[in-house]
Each structure stands twice: as structure tokens, then as C-alpha cells.
Amino acid sequence: MAKELLPKKSDNISEWYTSVIRIADLADYGPVKGTMIIKPYGYAIWEAIQKQLDGYIKEKGVKNAYFPLFIPMSFLEKEKSHVEGFSPELAVVTVCGGEKLEEPLVVRPTSETVIYDAYGKWIQSWRDLPLMMNQWCNVVRWEKRTMPFMRTSEFLWQEGHTAHATHEEAIEMQNWAMDAYSKVYRDLLAIDGYTGLKSITERFAGAANSLTFESLMPSGKVVQSCTSHDLGQNFSKVFNIKFQDEQGVDSYAWQTSWGYTTRSIAALILAHGDDNGLCLPPNVAPIQIAIVSAKATKEVVDFCRLLNEELVGNGIRSEFDNRDDETFGYKLNKWEVRGAPIVIKVGPREVDNGKLTCRRRDTLSDVEINRGDATINIRELFDEIQSSMLNSSVNYKEENTRTASNYDEFKDIMKQHKGFIKVFWNDDPKIEKIIKDETTATTRCKIAEDTSGVDFYTGKPAKDIWLFAQSY
RNA sequence: CGGGGUGUGGCGCAGUUGAUAGCGCGCCCGGUUUGGGACCGGGAGGUCGAAGGUUUAAGUCCUUUCACCCCGACCA
């Protein structure tokens, strides 16, 4: 624990990022390339996200289930664009129990194929629809360039898979999932972003179209940590997910899949952290309140203990840091690096005057509140911190969304600022490739249909408004 | 996977022309301390990323390999 060892975020955001993960005790490297150990403090963030998102999922009537880790290679090969999209990053098992397998097994990179093989067996009638399942699990994608939380060979996520009788119903589901994701982002992580449709190049392998939530990081690069796909009938046709409707006519089901990953924790670290370390919004902070005593007299310790019990009893994630081998100043810095939203400083002064000195992590300023109604005051402070953090994210996004009306302006913005670039554009993979090669920017999403402008690249009448940016 | 860089106790580093390792922080024990990273005393801990090679002798030279960082391609 040494704050002076933390590189300045403004100097070198990459080194800052990997250091803060280690110093704040979020995670450590695993023994295998690209793998990571998520430590309790980091995992608790994931649990807070899970709790919220799992609640939304259940409210919607989607059931949790679990499907196998191993998938026969032939399953992936059934959907052409799916296997083409994933084959470069597959981990494949060829030997089991000391014997070479007849058919290699893929460690799931995503579970469409294994789940839809089962759906094909389970769905016979319109009465079986909609079929809506979700699983919380790990997936493996052998990435070339890894980074803790941002891009690991194995990562945790939730994947929802649904089958519906109509395309409209499937689209409603797809939109619902993205709404839930953006609520998690905004309400829990205090991160704003743009929701929209992916381009032909960027969409999920096997999807008819993909919705995404894109959030801008201080480096000027953009993070995508969740997507929601309209799979059309692409998978139902190859996995034979057929049902007989009320008229006795056979049709293929309309499907969606949607996932939210631990990459969102990377966004959380990057978006709010500063030169002093992590800065967590109260709604996801594993420890929302750290109580630190300035002098460990019996009166002070008893005061802290009672306060902590009261807060914990009222559902606040509070901890009394009662270590006797660390000094006051040391503890304050420790909780600062670990990003606890509020540190309550208690000494004889507070015991005497019935006030609490609260240090806000987001503003690094002290606020005095009454001990008497501590819980109420702290809940108010939480709300204030949470919304102030979201506000700064909203402002940052808006300040860094720039409009380009032609390619020269576009290149200029990429050179000077990065961030989001808003343009009129018609989706064209060939042009997207050229732009990427020349500027490193790719489409993030289509945010609106609008025929009032001309395509920034070709100058021809345009149909839509798109956001471009460099992605992580 | 391509280009560049790094690799020495948990962390940050030093180690001259080759002679089998040292510092600071941290850690453990004892004591004094505690309102923004305390101090004194006493300890533990490394064969120098890994494997091979040259040599009487390798942290230092050579080869291979691995990991991490920065920049690309792939990607949630």
C-alpha cells in the first residue's frame, strides 16, 4: 500500500491503470497469459452489479440456468458467420482423460450454439414461447493483447438467450436488455454513454443487428462492455428451433442474445479514478463507509464501534478500520486509494460535539454531519455523490462529442482530441475499413435515423447519424 | 501475431571491465506513538523471469523461451 508508488493518471494512464488495480487490491495476475485473479474487493464490485442486473432479469421473467462449458466444435461450425467470427480466438480441448478426442471440444467463447441446440429440442409449440433463459458464467476468448478487466482471456459475464414467436417480440426483448444495461451503467457505475446500433462490420457474428452501450474514457478511447443482439432466425434455422403456431403452421423462432461483462469494471476504474487512486460511486462500492479513528482511546473506539453497528444495521456497507498497526494518516490514504466514497474521521472532538467529519472521495473535501441522524445524512450524501459523479460523466461525454461534416474535419478531431465524433454516414464496411486504417477510429454505433445531411465521407445524401471513436 | 521496452526478496530499485547478491519501502517480534502516509531496537525473506550454453567462475556473455508495459492487427 503506497500511494506514492501510483503513477499519475494524467502521465501514463496505462501504468496508472494496472497499478491502481494492484494497489487497491482489486485483482492480481493469474499464472496463464491474459488470466486474472479477481480478489474479494474487486469481486464485491461484480457482485453489486450482478445483484442489480439479476434483479432486472428476474423481473422480466427470464429464468437463470446453466449450460455446459464444453461445446462440440461442430456446433460452432453450423452458423457460418458465427464460427468465422470466433474461430481465431477459440481455446480448443483435444485430449481428455489421456486420450485424443474424436471431435475437439471448444471452451465456450459464448453459448449460442450449445443453448440453441437444447432450445431446438425443447421448443415444439407456440405454447413453449417465449423461452427466456440467462446464465452467469465465464467464457474464454484467446485475445492477443490483454489487460486486466478490459480484455482477459477468460472473463465473467451474464448471457441471456431468448426465443420468441414474432420478430417484434424479439426486438422488444433486445431493447429491454439494453435498457437494463444502461440503467446499471448510469445508476450504479455513474457512467453515461451512448446507446445505438452496431455497424455491419462491428455487429455480433451471427446477429441480424446488435445494440450497444458505448462509454468514453479519459484516454479518449471508448469502452463497449455490453451488447444486445437481434439474432433474427439465423440460429433457429440451423438449430432447427421450430414451433407450430395456432393455425398449425410451422415457423422458425425469432431470437435474441445479450451479455454484460466484467469489462464494465475496467470502465468504472478508468472513468472515475484519479491521481489518488480508485474512486467508487456509493452504489457499487464494496465498502461505502470507512470509519477511521484519530486517537484510539476507549471513548473513541466505542463511539466508532457503535456508529459502525448502527450504519451496518441500516444496510450501509460500513467498516470500522480498527487496525492498531496503522496510523491515522496511513489509513486515510489507504481508503483513498481504494476509493471508498466516504471516510468518517473520528477523534475526541467528534465524540464531544456529536458531529461526524466525512471525507468525500469524489471531491476530496470534508463535510460535517450530525451524529444523531447519521444514517439519514449519509444516505443523502451518497445520493449527492452518486449524482455528482454521474453528472461529471455526462459532461465529459458531451464535451467530447464533436461533429464533423467532412473527412478532413474528422481526421482533425481524431488527431487533436479523439473522443466521440458525430457524423452523417451511410453504413459501408469498405469505407469503415479505410477510415479505421487511416485514423484508428471505428463506428461505435448509429444513434439516429436522419436524412437531413450528407455523408461526411462520400458527400452523398445520408440516412443516419453515427458516432465514431477509437475503441479499447 | 508484428515493432519498441522491461524482467534482481511482496513493491520500487542498485549491482562498474564476469569472481556465486545489496539498498529503500513493506513484512514479523518488542516498545514508544497516533487529528493526513510515526519512531527506536531486533528479525525473516532472493540464487537474480525460465531453460540451455560458453567459462576455472555468469545477475553480468550467447541462444531459446515466458511474462508484463507501450504502439498496431483481433476483440466484450
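Keep in mind the model is a prediction, meaning the values are calculated, not measured.

1. Section: the packing of helix α1 (residues 13-23) against helix α8 (residues 263-272)
The N-to-C vectors of α1 and α8 enclose an angle of 115 degrees; their axes lie 11 Å apart at closest approach. The angle between α1 and α8 places the two elements in the roughly perpendicular class. Handedness of the crossing formed by α1 with α8: right-handed. Note on element contacts: α8 touches α1 through Ala266, Ile269 and Leu270, opposite Ile13, Trp16, Tyr17, Val20 and Ile21. Of the residues in the contact of α1 with α8, the class split is eight nonpolar, no polar and no charged.

2. Quick look at the sheet that holds strand β4 (residues 70-72)
Think of a sheet as strands paired side by side through backbone hydrogen bonds, with each pair either parallel or antiparallel. Strand order in the open sheet made by the three strands is β4-β6-β5, with antiparallel pairing throughout. The sheet is open, and its two borders are formed by β4 and β5 (91-96), each paired with just one other strand. Strand-to-strand twist of the sheet, defined as the mean angle between neighbouring strand axes without regard to direction, takes the value 45 degrees. Pairing of β4 with strand β6 (residues 99-107), which is carried by three bridges, proceeds in the antiparallel orientation. By the bridge assignment, Pro72 is partnered in β6 with Leu105.

3. Details of the pattern of salt bridges
Going through the model one piece at a time under the given rule, you end up with 26 salt bridges. For Arg444, the salt bridge identified is with Glu202, shortest N-O distance 3.6 Å. Pair noted here: Arg444 is in strand β22 (residues 442-449) and Glu202 is in the loop between β9 (194-197) and β10 (209-216), with a separation of 242 residues, a long-range link. Residue Arg444 is classed as buried on the basis of its relative accessible area, which comes to 2%. Note that Lys446 is salt-bridged to Asp464, the shortest N-O span being 3.8 Å.

4. A look at the packing of aromatic side chains
Using the criterion set out here, one finds 23 aromatic pairs in the structure. Between Tyr119 and Trp122, the ring centres sit 6.1 Å apart and the planes meet at 40 degrees, which makes this aromatic pair tilted. Placement of the pair is Tyr119 and Trp122 together in helix α5 (residues 112-122), with a separation of three residues, close to one helical turn. Look at Tyr119 and you get buried, because its relative accessible area is 0%. When the centroid spacing of 6.2 Å and the interplanar angle of 65 degrees are considered together, the rings of Tyr407 and Phe456 count as edge-to-face. Residue Tyr407 is located in helix α13 (residues 407-416), and its partner Phe456 is located in the loop between β22 and β23 (464-469); the two are separated by 49 residues in the primary sequence. The exposure class of Phe456 is buried, given its relative accessible area of 3%. Over the aromatic face of Tyr41 sits the side chain of Arg338, whose NZ or CZ is 4.0 Å from the ring centroid. Above the ring of Tyr194, the side-chain terminus of Lys397 is found at 4.1 Å from the ring centroid.

5. Looking at helix α6 (residues 167-188)
Look at α6: 31 Å from first C-alpha to last across 22 residues, which is about the 32 Å you get at 1.5 Å a residue. Listed as buried for α6 are Ala170, Met173, Gln174, Trp176, Ala177, Met178, Ala180, Tyr181, Ser182, Val184, Tyr185 and Leu188. Residue Ala190 follows α6 closely and has a positive phi angle near 55 degrees.

6. Overview of the domain arrangement of chain A
By domain assignment, chain A separates into domain 1 (3-272), domain 2 (289-390) and domain 3 (401-469). Of the residues lining the interface, twelve residues belong to domain 1; the matching set on domain 2 comes to eight residues. Taken over both partners, the interface formed by domain 1 and domain 2 buries close to 960 Å², and the fraction arising from carbon and sulfur atoms is 58%. Applying the counting criterion to the domain 1 and domain 2 interface returns one salt bridge. Between Arg338 and Asp25 there is a salt bridge, with the nearest N and O atoms lying 4.0 Å from each other. There are four residue pairs in polar contact (both at pLDDT 80 or more) connecting domain 1 and domain 2. At three residues, the largest contribution of residues to the side of domain 1 that touches domain 2 is made by α6. When grouped by side-chain class, the residues that make up the side of domain 1 that touches domain 2 number six nonpolar, one polar and five charged.

7. With respect to the nonpolar core
With 62 residues, the main nonpolar core has Tyr17, Ile49, Phe149, Tyr260 and Ile269 as its most contacted residues. Per element, the largest residue contribution to this core is nine residues, and it comes from α6. When residues of this core are sorted by domain, at least three fall in each of domain 1 (3-272) and domain 2 (289-390). In contact with Tyr260, other than residues within four places in its own chain, are Trp46, Ile49, Leu53, Leu156, Trp157, Gln158, Tyr181, Val184, Tyr185, Leu189, Ser225 and Cys226. One finds Leu76, Tyr119, Ile123 and Phe235 within the second-largest nonpolar core, a separate group that totals 28 residues.

8. Some points on the side chain of Glu350
Relative to the helices and strands, Glu350 is located in helix α11 (residues 348-353). Although Glu350 is buried, it makes no salt bridge; Arg349 carries the closest opposite charge, 4.3 Å away. Apart from residues no more than four positions distant in its own chain, Glu350 is found in contact with Phe303, Lys345, Lys355, Leu356 and Thr357.

9. Remarks on the side chain of His161
For His161, the location among the structural elements is in strand β8 (residues 154-164). A residue is classified by how much of its surface remains accessible, and His161, at 0% relative accessible area, is buried. Of the polar contacts made by the side chain of His161, one reaches the side chain of Glu159; its length is 2.8 Å. Residues in contact with His161, not counting those within four places in the same chain, are Ser111, Glu112, Ile115, Tyr116, Tyr119, Leu131, Met132, Met133, Thr256 and Ser257.

10. Here we look at the sheet that holds strand β17 (residues 342-346)
Here five strands make up an open sheet; going across it, the order is β16-β15-β17-β18-β19 and the pairing mixed. Looking at which strands have only one partner, the edges of the open sheet turn out to be β16 (318-321) and β19 (366-370). Across the sheet, the mean angle separating the axes of adjacent strands is 30 degrees when strand polarity is ignored. As paired elements, β17 and strand β18 (residues 355-360) share four bridges and run antiparallel to each other.

About the criteria used
Residues numbered from 1 in each chain as written. Chains lettered and ligands numbered in written order. Predicted model: local features only at pLDDT ≥ 70, side-chain atom pairs only at ≥ 80, totals over all residues. Heavy atoms only, no water. Axes fitted to C-alpha atoms, helices over the stretch in contact; angles between N-to-C directions. Helix = DSSP H or I, 4+ residues; strand = E, 2+ residues; numbered from the N terminus. Parallel < 35°, antiparallel > 145°, perpendicular 65-115°, else oblique. Left-handed = near helix turned anticlockwise from the far one by under 90°. Contact = heavy atoms within 4.5 Å. Nonpolar A, V, L, I, M, F, W, Y, C, P; charged D, E, K, R; others polar. Pairing = 2+ DSSP bridges. Salt bridge = Lys/Arg side-chain N within 4 Å of Asp/Glu carboxyl O. Buried < 20%, exposed > 50% of the residue type's maximum accessible area, 1.4 Å probe, protein only. Phe/Tyr/Trp six-rings, centres within 6.5 Å; stacked < 30°, edge-to-face > 60°. Lys NZ or Arg CZ within 6 Å of the ring centre and 35° of its normal. Expected span 1.5 Å × (residues − 1). Domains from an automatic or database assignment. Buried area = accessible area lost by both parts, 1.4 Å probe. Polar contact = N/O pair within 3.5 Å; in protein donor to acceptor, adjacent residues only side chain to side chain. Core = buried A, V, L, I, M, F, W, Y, C linked by side-chain atoms within 4.5 Å. Lys, Arg positive; Asp, Glu negative; His and termini not counted.

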